[in-house]
Amino acid sequence: MKKVLKNPGMQAFLASLICIIIGLLIGYLVLLIINPEGAWESITNVIKNFFTWSKPKTQLKQFGNTLAKTMPLLMCSLSILFAYKVGLFNIGAAGQYVAGACASLYAALAWGWGWLPCMLFAIVCAGVLGAIVGILKAYCNVNEVISGIMLNWITLYLTNTVLSKVKEAASPYTLYLDDVNPSALLPNAGLNNLFNNNKYITIAVPLALIISIAIHILLSRTRLGYELKATGSNKNAAKYAGMRENTNIILTLIIAGGLAGLGASMLYQTGYMRWECTQSSVPGMGFNGIAAAFLGGLNPIGAIFSSFFIQHITDGGQYVNTNFYSSQISDLISSVIIYLCGFVLFIKLTMNKMLARSEERKLRQLKEAEAAAGKEVDQ
Amino acid sequence: MEQYAIEMLHITKRFPGIIANDNITLQLKKGEIHALLGENGAGKSTLMSVLFGLYQPEEGTIKKDGVEVKINNPNDANDLGIGMVHQHFKLVECFTVLDNIILGVEPNKMGFLQKDEARKKVLALSEKYGLRVDPDAKIEDITVGMQQRTEILKMLYRDNEILIFDEPTAVLTPQEISELMQIMKNLSAEGKSILFISHKLAEIMEVADRCTVLRKGKYIGTVNTADVTMEQLSAMMVGRDVNFHVEKKPATPGEVILEIDNMTVASKVHKNNAVKNVSMKVRAGEIVCLAGIDGNGQSEFVYGLSGLEPLVSGSIKLHGKDITKASIRERSTMGISHIPEDRHKHGLVLDYSLEDNMILQTYFGPEFTSKAGFLQRKNIRDYANRLIEEYDVRSGQGPITVSRAMSGGNQQKAIIAREIDKAPDLLIAVQPTRGLDVGAIEFIHKQLVAQRDAGKAVLLVSLELDEVMDVPDRILVMYEGEIVGELDPKTTTQEELGLYMAGAKRDEVKA
Ligand SMILES: Nc1ncnc2c1ncn2[C@@H]1O[C@H](COP(=O)(O)OP(=O)(O)OP(=O)(O)O)[C@@H](O)[C@H]1O
Ligand SMILES: [Mg+2]
């Protein structure tokens, strides 16, 4: 049992689990305080998400919706954790995601590009945004968090302006992809049939999973990963070893940006969502990516599960009973849970301390028992 | 019965794969200076960390003044009057000396800092014990010697009675060392009890009253230093006789490997250049030592030579080829190896495993990286195992040990193994034996001589007078960024060397 607990992988998993449970408890508490009547029903609905529906077929379809939205979140969390391994905190993922949305939608709606060019264009544009942060960091020593946050806002308003050219006359939303340019929709490749003909299930799903595995391999098995992690862990040693730290920083942020941009293309090119050109806040996808990255133990494979969980909770928020609570409550509950997800490292540390202490106590007891036994023999 | 200030009884501390302390007993008398001696990785730092509350032992008890105490963390230690200067200092780089000293025990009135009071107390202490510091200087700008005095003042400021020094002299200049010895004697005369770790036997003989020896985590014995010789001590510690003198044949210098012409390197701390118009040649088959008091431009010289800092002017040639503008990687692949001065800053990625650090300079080669860019884990493991074996690098879990969890001396050995095994044409070794035990020093010196005999050029930078006199074939003395003398170690004396190093004597030196 102790051995199992000492295994780092197991520890990461348990810590994540504990975070989730505490998060749910606090969420429940908040509901109780606001209005005890609907609290239990609402919190169970949040957990159940698509299971709230009674028909298995509907469940399956709703499950597909959650899955479709998990993939962009997964990309954002990969973007965060990839940069994090190189010692960079890519809070700019949120803006890079927006840039990806802007690029793919504009290319699709204004220029009529096919799905692949749109997707690549999203990656490139978001990568350029990452490169700006990287260049500022590498050559002017501007903190990536600050420049990232500023760029988030710049990108948001730029996107609103650009996409206004392809919006519906009567609403702030961009035109429907299905109407204007169906060729820009990601192919379903038959996967939609697995989810009761949910058209939002596209090749994005397998693609995202493959990319997670690829990032995992890149970080743990390749020369590039070795170099990037060394740069992140000790910049001076990396320089001493002849690695080009500046190039590595920029390269990392380009890749991180590209991942976030790809995430946006994976959502907007399914037609699931349209861009609202009057938005005044940066979409939460990039920020939720931070929570997903930490909840997944900063491991690309772990991120698959944590991203799904977080999307699951976020979607579950819509099933909170609005008779008892205002409609924003769903966001509140999911953000409380997401917030707690950031505490994984803390929980892990506490767990280790407790483990060490209990071990010590055991040993002491054992010795005391031995000493007592020894005395008896003496007498 | 004798009154002990501290008793550590039957302490056992395990780490994954290793018993760092195996049933060790150490008794510290009131007012004595007690040395702790042992090979690299013998468990000295671990034992002291247990006393300071950083680690919890699995077995054993600690008594203070005869009463059993429980030390769960450094705060408990501080409450008991125990202070520690760590092997690798723990100061906040961007804070001033004064801020570092009062950190955690800031005097305040209703939450407002009362720095003047603190300053007075610090100045009084520094006056009393001869600990010269500038209270308003930032840590990142001052010498290691002053950083160390800051650490000592930190202990005294907290009125600690039991002072632990973990290898305090490894990073100091000879001058600073003798100052420190005097300070320690003063402190013990005041009734403070001191625990002192050092690999330098002469220091132990000079200041310590008693000495406890550890070997591979086990307790070997405690002796009065007055009753033993240095040879006996080193035999107790290593388990065999150690040859303090370096055996070597006369050098047979060949072609010029390194040629430096009028090198000038800027300083990071002041406006002047740290290295001024230095010219020198190093030939195949010779060991040239760059000697000098710390802070006279040796570090910057090496940075310029290895490519870590750009030159202001001048040129560097390796094998007659101009490498002044070459990148660090290019210099490395052209045959320069560099054992850096600061093992934690440059030498190691502390979060990487030992094996990953072993390939830090060669990871991109075909042996370790496949054509597709994948690391060849098996080759890396085999390679690391070979170096661990050859250089006797000791750690808990072999190649997969995280470097951070290795003892200071073994970290150093890992770097040396990596750099020498690269088979360089030019080996730059900066303070290579810093923090090594006598047995390991003997081994490393043999390796340097072996490199020389194999026709390589070796440039040794050292502050250690014994090393400067014993190892090289030629000595160049650096003073205020200039080469002020070239000496032959066979004919010169330590006194003469000292005069050059202090700037009291200088020759016109031709390269
Ligand atoms: N935090 C740690 N985790 C795991 N192993 C450790 C840790 N600290 C030390 N060790 C191991 O315990 C052993 C003793 O280390 P310690 O640092 O006490 O040696 P030391 O006697 O101070 O050596 P040195 O003279 O090289 O400083 C070493 O083999 C080291 O690898
Ligand atoms: Mg040590």
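As the structure is a prediction and not an experimental result, all values here were calculated from the model. (Residues numbered from 1 in each chain as written. Chains lettered and ligands numbered in written order. Predicted model: local features only at pLDDT ≥ 70, side-chain atom pairs only at ≥ 80, totals over all residues. Heavy atoms only, no water.)

1. A look at the coordination of the magnesium ion (ligand 2)
Residue and element names in this part refer to chain B. In plain terms, the rule: Sites may look incomplete, because water is not among the atoms used; the donor set itself consists of N, O and S atoms within 2.8 Å of the metal (3.2 Å for Na, K and Ca). Segments assigned H or I by DSSP are reported as helices when at least four residues long, segments assigned E as strands when at least two residues long, and all are numbered from the N terminus. Exposed residues in this analysis have more than 50% of their type's maximum accessible area, buried residues have under 20%, and partly exposed residues fall in between, with area computed by a 1.4 Å probe over protein chains only.
Donor atoms from the polypeptide that coordinate the magnesium ion (ligand 2) comprise Ser45 (OG) and Gln87 (OE1), at 2.0 to 2.3 Å from the metal. Of the two residues, Ser45 sits in helix 1 (residues 44-51) while Gln87 sits in the loop between strand 6 (82-85) and helix 3 (97-102), which places them 42 residues apart along the sequence. Owing to a relative accessible area of 26%, Ser45 belongs among the partly exposed residues under this scheme. Of the residues examined, Gln87 reaches a relative accessible area of 16% and is grouped as buried.

2. Observations regarding the pattern of salt bridges
Pairs can form between side chains of opposite charge whenever their charged atoms are close. Residues and elements named next belong to chain B. The test is simple: Every case where a carboxyl oxygen of Asp or Glu lies within 4 Å of a side-chain nitrogen of Lys or Arg is listed as a salt bridge.
Scanning the entire structure with this criterion turns up 38 salt bridges over all chains. Residue Lys413 pairs with Asp392 through a salt bridge whose shortest N-O separation is 4.0 Å. Highlighted residues: Lys413 in helix 14 (residues 408-421) and Asp392 in the loop between helix 13 (377-391) and helix 14, separated in sequence by 21 residues. Exposure remark for Asp392: the relative accessible area of 35% places this residue in the partly exposed category. What emerges from the salt-bridge pattern is a single network uniting Glu39, Asp392, Arg394 and Lys413.

3. What about the site of ligand 1?
Residues and elements named next belong to chain B. Heads up, the rule is: Put simply, a residue is near a molecule or strand once any heavy atom of it comes within 4 Å of that molecule or strand. In protein, a polar contact requires one atom able to donate a hydrogen and another able to accept it; more generally it is a pair of N or O atoms within 3.5 Å, and residues adjacent in sequence count only if both atoms are side-chain atoms. To measure how exposed things are, a 1.4 Å probe is used in the Shrake-Rupley method; for residues, cover is taken only from the protein chains shown. Residue classes follow a fixed rule: Ala, Val, Leu, Ile, Met, Phe, Trp, Tyr, Cys and Pro count as nonpolar, while Asp, Glu, Lys and Arg count as charged, and any other residue, Gly among them, counts as polar.
Around ligand 1, the surrounding shell holds 22 residues, and the nearest of these are Gly41, Ser45, Thr46, Ser407 and Gly409. Here an oxygen atom of ligand 1 sits 3.2 Å away from a polar atom, N or O, in the main chain of Ala42. Between ligand 1 and Ser407 there is a distance of 2.7 Å, counted from an oxygen atom to a side-chain nitrogen or oxygen. When isolated, ligand 1 has an accessible area of 640 Å², and the protein chains bury 90% of it. Those elements that place two or more of their residues in the shell around ligand 1 are strand 2 (18-29), helix 1 and helix 14. A total of three residues in the shell around ligand 1 trace back to one element, the largest contributor, which is helix 1. The class makeup of the residues in the shell around ligand 1 is seven nonpolar, twelve polar and three charged.

4. What to know about unusual backbone geometry
All names here are of chain B. Of note in the backbone geometry, Asp159 takes a positive phi value of approximately 55° without being a glycine. Relative to the helices and strands, Asp159 resides in the loop between helix 5 (144-157) and strand 9 (162-166). Residue Gln431 is not a glycine yet carries a positive backbone phi of 45°. With respect to the helices, strands and loops of the structure, Gln431 is situated in the loop between strand 19 (426-430) and helix 15 (438-453). Gln431 sits in the buried class, given a relative accessible area of 6%.

5. Focus on the side chain of Arg418(B)
Short version of the rule: Whether two residues are in contact is decided by their heavy atoms: any pair within 4.5 Å suffices.
Within the secondary structure layout, Arg418(B) lies in helix 14. Overall, the relative accessible area of 2% leaves Arg418(B) in the buried class. Every residue in contact with Arg418(B), bar those within four places of it in the chain, is listed here: Tyr240(A), Gly347(B), Leu348(B), Asn357(B), Met358(B), Leu360(B), Gln361(B) and Leu387(B).

6. Quick look at the sheet that holds strand 22 (residues 482-487) of chain B
Residues and elements named next belong to chain B. What counts is decided by this rule: Should DSSP find at least two bridges between two strands, the strands are regarded as paired. As a rule, the C-alpha atoms of each element are fitted with a line to give its axis, helices using only the stretch in contact, and angles between N-to-C directions run from 0 to 180 degrees.
Spatially, the six strands line up as an open sheet ordered 18-19-20-15-21-22, and their pairing is mixed. The open sheet has two free edges, formed respectively by strand 18 (336-339) and strand 22, since each of these has just one partner strand. On average, each strand axis in the sheet is inclined to that of its neighbour by 20°, with strand direction left out of account. With four bridges joining them, strand 18 and strand 19 adopt parallel strand pairing.

7. Quick notes on the pairing of strand 9 of chain B
When a strand is regular, its side chains alternate between the sheet's two faces. Residue and element names in this part refer to chain B. Of all five residues in strand 9, five are buried; the element is thus mostly enclosed. Along strand 9, one buried face is formed by Ile162, Ile164 and Asp166 and the opposite face, lined by Leu163 and Phe165, is buried too. Relative to strand 9, strand 6 runs parallel, the two being bridged by four bridges. When the sheet's bridge partners are listed, Ile82 is paired in strand 9 with Ile162. Where strand 9 meets strand 10 (residues 193-197), five bridges bridge the pair, whose relative direction is parallel. Counted as the bridge partner of Leu163 is Ile194 from strand 10.

8. Points about helix 6 (residues 174-189) of chain B
All names here are of chain B. Note the following rule: Working rule for helices: expected span equals 1.5 Å times residues minus one. Relevant arc is that of directions from the helix axis to the C-beta atoms, nothing else.
Taking 1.5 Å as the rise per residue, helix 6 with 16 residues should run 22 Å; its terminal C-alpha atoms sit 23 Å apart, in good agreement. Among the residues making up helix 6, those that are buried are Glu176, Ile177, Leu180, Met181, Ile183, Met184, Leu187 and Ser188. For helix 6, the buried positions fall inside an angular range of 165° around the axis, keeping them on one side. In helix 6, the exposed residues that point more than 90 degrees away from the buried face are Gln175 and Ala189.

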